[in-house]
Structure formats: C-alpha cells, structure tokens
Amino acid sequence: MQPSKDKNTEKAAPFYRLSVPKRKTSSEIINEARNVLRTLRTRRPFTPIEDQRKLFGSGSSRAPRNRPPSVFSLHASSFDLAESRPVSGVRLSPLDHKPELVAFAKDEDFSISFPKPPADAAEVRKLSSARARFFRRTSQGNFLSAKMVPPDQNDEKLDSEETAVMNNLCRSNNNCLAEQRSYTPFNDESRQLICNEHFSRSEREDSLKGTTEKFLFQPGGERSVNSDGRFDDEEQQFPCGNQFGSSDVFNAPPTQRSCLKQSCRIRQQKIPIDTKLRVLCGILSSGSQSCDQKKKPGTSSSQPRGTDWERRVTGSEDETRKNESEEEEIFWHIKVLPILHELEKEDNIENLCLACTELYQALNEGNMLGKRFKRRSALLKILYKLVDIDSDPLCLKLAKIILAMKVDGKNLLSVCKLAFKICRNEKNDNMIQNDRLLDCLLEVLRTEDLQKNCEALLYCMGAVKCMSGNAVLLNEMVNKGAVEMFLQLMKQINNIKENDTYFSNLGHLLVQVTATLRNVADLPPARCQLICRGAVPELCVALEQRINDKDVCTYIVRIFSKLSSYNDFCAALADCSRCYILFLALLNEHHKQQDLVIRIIFILGNLTEKNNQAREQFFKERGSVNTLISLFQTYHELDLDAQKWYHERGREEKNHPKHPSEAEDVLIKLIRVLANLSIHPSVGAALAAAHRIVELLITVLEYKSIDDCEELVINAATTINNLSYYKTKSSAVQDKKLHIAEMLLKLLMSNNMDGVVEAVRVFGNLSQYHEICDFIMQKKIHKFMIALLDAKNQDVCFSACGVLLNLTVDKNKRALLMEGGGIGKLVDCLQDFGPADWQLACLICKTLLNYSENITSAASCFGEDTDTLLVLLTSLLDEELALDHSLDTDLRDHHKLYWEREFKPVAEKLLDRIQRHHSCLPAVTITPF
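Note that the coordinates shown come from a computational prediction; the quantities given were computed from them, not determined experimentally.

**Student:** Please provide a residue-by-residue account of the overall build of the protein, values included.
**Tutor:** Helix and strand counts for the protein come out as 43 helices and two strands. Of all 929 residues assigned to the protein, the portion counted as buried reaches 53%. In the protein, of all internal contacts separated by at least 6 residues, the share reaching a separation of at least 24 is 75%. With the model as given, the accessible surface of the protein reaches about 43200 Å², and the carbon-plus-sulfur share is 48%.

Printed below as a string of structure tokens:
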C-alpha cells in the first residue's frame, strides 16, 4: 500500500534563517557565538611601557627645541632671593626704640650671627665644591649672620653715636622688664635690669665672642655691665649652666627655674644683647604667667598664639600682634636657629637630611610654614644654598620645605623642577612615599594660578606623572582625590581658547595631565570617578581643541582605549554623540599614525559591539564608510608590501613574526568594526551593497593564509558571513558568491579548526543559492560536512548540519545523507547534544524532515537508525524527561523557550511522519537523560 503524502508537511526553514527568542537572558550570550550574525572581539592594542621617565616620551611629535626639557641643571643660583620676602601684607612687630646702627637697618630678617673661631690649619676639613660654594661669603657676609659690627673705618662714627643708642637700648630693656617685675617677685624684693650707658666697642665684641654669658640678679638697686661685658656683683652671679645660685639669693619656684634654664641657653647664643634681652623678657614673662595660672584653678598652662591669655596681658590687638611676634621670635631662637646652625656646619648628607626633617617639624610646630613668616627670606636663603649639594634624599627634604613655604614665581618653577628631577628616578619612589612629597605637589596643582605659573605646573604635573608609574603611589594618588583635581585642571586648560597666548604652552601641560590619567585609568575607583565627574565630555573638548597635537590626542585616545573595554564607561562614551565625528576627524587627520589609528578603531569596535544605537549613529556620520574604506585600502597596501618583502627573502620566510604586524593589527580591528556594524539591519544591508568593502574582504582571503595571521583571516570570513545574510538585489556578496566559495575552500582545507568552522558557517549562508550547492557537490564538500558531524563539538556540528540542511532543500541532493553514514551521525548528534542544545536538536530534526519529505517507508528512509530515532524523539518530547530541572531559573527558562518554540514543533512532525510510515513498532523503553 502506497502511503499517502503528508498534506501538512512543510519544509523546514533554511539554516540561514534562525529565530531569536524575544526574551534575552544571560545564557543567550553563550549562544551568540553561533548565530549567523556575530560581533567580534579583539585584544586591546599593546602599549609598551616607557623605559624612561620624561616629560615627553621618545615618540613625541614635539621637536626638542619646541618643548620644555626633561634634563636640566639646577643650582642655588636658579632661585631668586628677591622673591623670598614675606608678602607685603605682613606687619612686623614694632620696636620700642629706633636703633641707629647701619647694620640693624640693613638686617631686615633679624638674622643671628654665628662667629667662627680662628681657623686651625690642622683641623680644616676638605669640603666638596658644592659645600665650598655653600660656605662662601657673599658681599653681605655669612647668610646666617647680620652685620652687627660696623667696619673699622666707621669706628669714630660709632663712638659718637654709642651713648644715644645704648640709652635707647636700656630704656627698651627697662620697659620690657617693667611688666616682668609685676609677675616675678624674687625673695619679695623687686629686681631690675639696667644696661650700662658706657659700653665700648671692644666690650661688645667680647660679649659676642664669649662662650658663656652670666647674669647677676642683685637684691635691690640697679645692675650694670662691667668692663668684661658681664653684669656687676660677681659674688652673687648666676651662671648659665646646670647649677642654680644659692637659695638665699634666688629662691625661685620650679616653673621659673625651667624658664631660667631656657634663658641660659639663650644667653649662650652669640646674638645681639638687645635681642637677648627681648627674648629673655618674653621667656621670664611667660614663665611668671605660668606660675600665676597654676595658682588659679581651671587655668590652662598652654599659651597658644592669639588666645585670651595674650589679650589679657596686652589689652589691645596691637599688643597681641606684638606678643605674637615676640613668641615667634622666642620659638625661632630656641627651636629653629640651632637646626640652621647645624645645617651650616654639617657636611654629612645623612645628618643634613635628619636636620631638614627636624626643621620641617619645627616650622610646622611653630606655624611658620607658608608666606606669613617674617624670617622666611633668611630661611629660604639657607635652603637654596643647600640645593648645590647633589643628593636626591637631601633635595627631596629641601623641596618639601620650600614648597611648604609657598614660594612663587621663579622659585616655584625651580622647586618644581627639583621635584621632577627627584621623581624621574624610580629608585626614589619609596623615599618619595615616606616623605609624602605627593601631598605638597597636589597642593600646588590645587592652589596655583594656571596662567601665571604655567611652566611650574608643567614640571609639578610631570613629577606627579612620574609617580603614577609606581603602583603604591598611584593608589595613594587616587585615594587623595587626584582624579577630580586633574579633571578640574583640564577644564581650566580647555577654557583657554586657541587665540590666547597661553594656548601653546598649556598644551605641554595637557600632555602631562592626560598621560597621568592614562595611568590611573587602570584602577576601578579611578574609572568610577572619571565616569561620575564627567571625564568624557572634557576629554572630547580637549580632543576637539587639540586635534593637531598628536601627543595630546594619543594620550586621550589611550584613555578611551583602556576604559571603553568596560561596559559602564563604553555606555557613557556612546552617549556622547560628539565622539563619533571627533574620531572620524582624527582618523582623517592622522591616518598614517598607526598607534593613533589602531586605538581609535579599537574604540569604535567596542562602541559598536553591543550598542545598536552606536552602530546606527556612527554609520550616519558623514563620510564614515568612506573613511573606513580609505583606511582599509591604506593598510592593506602596507601589509601587501610587507608580505612581499618577506616572500622575497626566500628561506628567511620562516622568520616571519607570528604576532600581527602593525598593518595587520589595524586591519584586524578595522574588519571587526565592519562586522559589528553589519549587525544592524539597515547598516548591514548597506555594507553588503558596498562593493569596495566586499572586494577588500575577499582580497584578504586571497593573499593571506591562516598560518600568516589567523585572527585577520577569521575576522574577514566572519564579516563576509554577516554580510551574506542580507539577500538584497544590490548585494555585492551575492555577485561574488562563487569567488568567495573558492576562497573558503582553501580555508576549509586548513589544519586550523577555528578557520574550518568559520568557513563552514559562511557556506551555511551561501548554500541557500543553487550555484553554491552545485559547487559544494562538485567539490565533494558535502562529504567533508558529514565527516565534521563526528567532531563531537557542538559548534562544529551545528555549522555542518546547517550546510546539510540547505542541501536537502533540493530534492535531487537529499540522497547525499546516505553517503558516509550521514543519517546515523545526525542521530548520534541528536542523542549527544539534544538535551543540552535545543537549537542544534531543532536543526537536526529540520534536516531529517527535509530529507524524508517523499518518504514511502521509514525503514527504507532511515535504515537501521529508525528505531533509535523513534525512541529518542519520544523521550525528547517528554517535558519532564527532556528539561533539566536542576538548572538555575534563568537557564531553565531559556532552555524551555527554545524547546517549546524551536524544537517541539519540528520534532513532533518528524515523529508523526516516522510513526505513520513505520509498520512494526518495537517496544519502547524510555530512559531519562
């Protein structure tokens, strides 16, 4: 009995038409690689680490003569002493007398003189040339000394003025001690210090050169200085040492004794007697007040500057400022001057570094950092002299202090250069981290005027850029909010227009900023800050303004290249509609700059990989396709020339590099952009009709073997596969389909399995054309497809089955499945992969359904595999047995969707057909998978 033909039987849809589930799930990404239209991924362009820390790398487009140098000499003469004075708004404390000595009038910083003992030839040490310059006396004498003694030719003038001056000094001392008597009673008797009105020049010299000065407190009456430069009443003198005088003479409480010890140290200093008296008055007054506070309950012993304690003593703001100045003077002489003295006499680097550390701590403790410090000039002079000593540890200490003193102008430039010089050496990184130089440099970037100190900020930012090469310092930088600071600095630079005189110089600074941002972009916290702080628009503005500056463009593009690999930043960049036209402009401007071109193409590939709107927006930009074609042509020719050069070398061809060349790398990423763009329906159809693009893709398959550059060949085949999906009348793929098939045959016969799979995929789409099907049968390619079913690889089986499906659409070609055991291999694939891959199971059932369209007997059609196929289809159509309920919800829903929409309808038709044409059904035993 002749079985009737199935009326409801329909041909299965060809392989190239694959339905996509409406609901996207996470597992769909896994199956994306198998879809006919596929996006491509590639490696980020390799950026070698610069071997040296410079302002501008070796590949900079700036000529050395047109850019600030990275190497320079730096000495004390690089600093400007005139710019080290305190700001004009600072008022110095008034003096009670007006000294008339010329030396005092010139000593604006009130520096202290440290006379040197006579040199002993046996003890003089040989110093380096740097130390010799450091100790060399200038026209104004030692930098720590003030001209306290006029020259010999002025002796007679000094003698004539001596009496008046000393009278003023004595009156000043009496005024200073008037208050002291009210706070410091000694043995219930008032004490008074009076300077002798007759004080000769030789006596003053003796008092300065003496190693010990002694004060005598005489009960009642006045005290005067004797001919030895000391006070009278030797029998009751109180020596400056560790011993106190008799308790009968001086019965002071412990707090006062502490103050007097401090006073003794002051008296041992080689300083003017007038200064000593003022300092001692402050110490004794401070000590006596401390005693009064101890007597009053709840009174603090500490006396910070500007407190109510000062206001009670002075009674007015002017007096408060006077007391503050005196307190600063006391602190200077006690805490700072001994350290400066050590810096003068010391020539050991390690000891100098320790002294600098102590100096910074002392200045910080005394609130003497910054500009509002009247002895700032004298201090900076000393520090500038030490710069001559070529030692990075010492220069680091000096740079930190000088920056903390808030210098400006030429001095700010010099100290920033000094910091850059230190940071250039990687060996200094640990030292830089320990001394917290980064904080000082960030403060400069935060506070200094951009236009006024452009060059200083350049070297400051260059130093920070060098630091960013160290992972620890890089993390510290990000944690301290440096990213936001860099963006603010970039915003200020972007506000300077091209016609401004500062525009060109600020370009050098922008290079440092963008290079540093490139380094911090690797850190996740920095990436989040860049997104939140609107880095994309600012970077795009900089690109637009500096499109002719290759260095700036390269660094910004490197930032985008790094960050566009992350979905969050890529989405932010895609939302900036201005970026597409900027990238096209850059490609046209710098089309021969491979390092720039390859990164822009890589960014465009990332933008078009997952964002359909980005594909459409880029394609609609004027000249976008022409720019891509022009680049393709340029680098294709460069690759041809390079390959020709290698082939001409004959035997040395084995030395051909395995990694992609520069031209190949550009082509790889350029083809990736085309493949990603072709996912969009209208864009893909337009690209398929672009004959020049298709010709270039075919040319890649012609001249390039997969052994030469695997990624390039596979990308070209994938893009052709995507374009072959669109069946339009103007399709260039359709016009050249036979030529493409010949090129794919070469790829199909290679030993590279990835290349084979890609070729099979393209044949899957092209086999919808009769000419290609005939080509496949003529070249025996169908046997190769059947053999691939044994690969035990889902992707390979899927692609091979797709080609067989399209071949079985033609009635005359269905018998090919009987060759080489095709039916049995399809059944084996269904059994092996069916429950885990319903797309592949559906494709196998479609192929078998096409094959059995004119079935008369199941046994004659499917042979010995008939019973196995019946049992298998029955079990796969049982939902309880077929679906794995142990999967997570997302994946289970995905499987169920494909099982219901794709596999079940086709499998039910195939099972019904086999059952109706199978006369003797065996007993079916269903076992779960």
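**Student:** An account of the packing of helix H17 (residues 471-479) against helix H19 (residues 503-520) is needed here, citing residue identities and associated values.
**Tutor:** Viewed as axis vectors pointing N to C, H17 and H19 meet at an angle of 105°, and their least axial separation amounts to 10 Å. When the axes of H17 and H19 are compared, the pair comes out roughly perpendicular. Between H17 and H19, the contacting residues are Leu474, Met477 and Val478 on the first element and Thr516, Asn519 and Val520 on the second. Class assignment of the residues belonging to the contact of H17 with H19 gives a composition of four nonpolar, two polar and no charged.

**Student:** Can you tell me about the state of the cysteines, naming the residues and giving the values?
**Tutor:** In this structure the tally under the stated criterion is zero disulfides. Not part of a disulfide, Cys801 finds its nearest cysteine sulfur in Cys829, a span of 7.4 Å. Just so you know, Cys845 is unpaired, no disulfide at all, and the nearest cysteine sulfur is the one on Cys842, 7.0 Å from it. Accessibility expressed as a relative area gives 0% for Cys845, which makes it buried.

**Student:** Summarise the packing of aromatic side chains; cite the residues concerned and give the values.
**Tutor:** Scanning the entire structure with this criterion turns up seven aromatic pairs. Centre to centre, the rings of Phe560 and Phe583 are 6.1 Å apart; their planes meet at 85°, and the pair counts as edge-to-face. Of the two residues, Phe560 is situated in helix H22 (residues 550-563) and Phe583 in helix H24 (residues 578-589); the sequence distance between them amounts to 23 residues. Classification of Phe583 as buried rests on a relative accessible area of 1%. Connected via pairs of aromatic rings, a cluster forms that spans Phe560, Phe569 and Phe583. One Lys or Arg, Arg546, reaches over the ring of Phe503 and ends 3.6 Å from the middle of that ring. In this structure, Lys737 packs its charged tip against the face of Tyr769, placed 5.2 Å from the ring centre.

**Student:** Could you give an account of the packing of helix H18 (residues 482-494) against helix H21 (residues 535-545), with specific residues and numbers?
**Tutor:** It is at 10 Å that the axes of H18 and H21 come closest, and there the two elements cross at 35°. Of the two elements, H18 crosses H21, and the hand of that crossing is left-handed. Two secondary-structure elements touch here, H18 through Leu487, Met490, Lys491, Ile493 and Asn494 and H21 through Ala535, Glu538, Leu539, Val541, Ala542 and Gln545. Grouping the amino acids of the contact of H18 with H21 by side-chain chemistry returns seven nonpolar, two polar and two charged.

**Student:** A description of helix H33 (residues 737-748) should follow, citing residues and the corresponding values.
**Tutor:** With twelve residues, H33 extends 16 Å from end C-alpha to end C-alpha; this agrees with the ideal 16 Å at 1.5 Å per step. The set of residues buried in H33 consists of Lys737, Ile740, Ala741, Met743, Leu744, Leu745, Leu747 and Leu748. Those residues of H33 that are buried are in contact with helix H30 (691-703), helix H31 (710-723), helix H32 (732-735), helix H34 (753-766), helix H35 (770-778) and helix H36 (781-788).

**Student:** I'd love a proper account of the environment of Asp837, names of residues and values included.
**Tutor:** Here Asp837 lies in the loop between helix H38 (822-833) and helix H39 (838-851). For the pair Asp837 and Phe903, spaced 66 residues apart in sequence, the C-alpha separation works out to 9.8 Å. A distance of 3.2 Å separates a polar atom in the side chain of Asp837 from the backbone nitrogen of Leu840.

**Student:** I'd like to hear about the pattern of salt bridges, residue by residue, with values.
**Tutor:** Taken as a whole, this structure holds 28 salt bridges when the rule is applied. Among the salt bridges present, the one from Lys669 reaches Asp665, with a minimum N-O distance of 2.6 Å. Within this pair, Lys669 and its partner Asp665 are both found in helix H28 (residues 662-677), separated by four residues, close to a single helical turn. Each member of the pair, Lys669 as well as Asp665, is classed as buried. Linking Lys813 and Asp810 is a salt bridge whose minimum nitrogen-to-oxygen distance equals 2.7 Å. For Lys813, a relative accessible area of 11% gives the class buried. Overlapping salt bridges bring together Arg436, Asp439, Glu476 and Lys480 as one network.

**Student:** So, unusual backbone geometry: which residues are in play, and what are the values?
**Tutor:** Phi angles above zero are rare outside glycine, and Lys406 is one such case at about 60°. With respect to the element layout, Lys406 can be found in the loop between helix H12 (392-404) and helix H13 (409-423). Here Lys406 falls in the partly exposed class, since its relative accessible area comes to 31%. Although it is not a glycine, Arg436 sits at a positive phi angle of roughly 55°.

**Student:** Run through the nonpolar core, naming residues and quoting values.
**Tutor:** Membership of the largest hydrophobic core comes to 240 residues, with the highest contact counts inside it found for Phe583, Leu607, Phe763 and Phe903. With eleven residues, helix H16 (residues 454-467) is the single largest residue contributor to this core. Filtering out sequence-adjacent residues up to four positions away, Phe903 remains in contact with Leu830, Trp838, Ala841, Cys842, Cys845, Leu876, Leu877 and Tyr898.

**Student:** Would you mind going over the confidence of the model for the protein in detail, with residue names and values included?
**Tutor:** Any segment with low pLDDT has predicted coordinates that should not be analysed in fine detail. Mean pLDDT over the protein stands at 74; residues scoring 70 or higher make up 65%. A low-confidence stretch, residues 1-34 stays under pLDDT 50, and its non-local contacts, those more than four residues away or across chains, total 70 contacts. For the stretch residues 88-92, pLDDT sits under 50, and the model shows four contacts to residues farther than four places along the chain or on other chains.

**Student:** Tell me what's going on with H35, and back it up with residues and numbers.
**Tutor:** Taken as a whole, H35 has its buried residues at Ile772, Cys773, Phe775 and Ile776. Within H35, the buried residues cover an arc of 160° as seen down the axis, which keeps them to one side. Among the exposed residues of H35, those pointing more than 90 degrees away from its buried face are His770 and Gln778. Here the buried face of H35 lies against H33, H34, H36 and helix H37 (794-807). Lys780 sits one or two positions beyond H35 and adopts a positive phi of about 60°.

**Student:** Describe the environment of Ile598, listing the residues and the values that go with them.
**Tutor:** Position of Ile598 among the secondary structure elements: in helix H25 (residues 594-610). Given a relative accessible area of 2%, Ile598 falls into the buried group. Separated by 72 residues in sequence, Ile598 and Leu670 have C-alpha atoms that sit 8.2 Å apart.

**Student:** An account of the side chain of Ser414 is needed here, citing residue identities and associated values.
**Tutor:** Here Ser414 shows up in helix H13. Judged by relative accessible area, Ser414 falls into the buried class, the value being 5%. Those residues in contact with Ser414, other than ones at most four positions away along the chain, are Leu74, Ser78 and Phe79.

Cut-offs and rules
- Residues numbered from 1 in each chain as written.
- Predicted model: local features only at pLDDT ≥ 70, side-chain atom pairs only at ≥ 80, totals over all residues.
- Heavy atoms only, no water.
- Helix = DSSP H or I, 4+ residues; strand = E, 2+ residues; numbered from the N terminus.
- Buried < 20%, exposed > 50% of the residue type's maximum accessible area, 1.4 Å probe, protein only.
- Contact = heavy atoms within 4.5 Å.
- Areas by Shrake-Rupley, 256 points an atom, 1.4 Å probe, with all protein chains shown as cover.
- Axes fitted to C-alpha atoms, helices over the stretch in contact; angles between N-to-C directions.
- Parallel < 35°, antiparallel > 145°, perpendicular 65-115°, else oblique.
- Nonpolar A, V, L, I, M, F, W, Y, C, P; charged D, E, K, R; others polar.
- Disulfide = S-S within 2.5 Å.
- Phe/Tyr/Trp six-rings, centres within 6.5 Å; stacked < 30°, edge-to-face > 60°.
- Lys NZ or Arg CZ within 6 Å of the ring centre and 35° of its normal.
- Left-handed = near helix turned anticlockwise from the far one by under 90°.
- Expected span 1.5 Å × (residues − 1).
- Polar contact = N/O pair within 3.5 Å; in protein donor to acceptor, adjacent residues only side chain to side chain.
- Salt bridge = Lys/Arg side-chain N within 4 Å of Asp/Glu carboxyl O.
- Core = buried A, V, L, I, M, F, W, Y, C linked by side-chain atoms within 4.5 Å.
- pLDDT = per-residue confidence, 0-100.
- Arc of directions from axis to C-beta.

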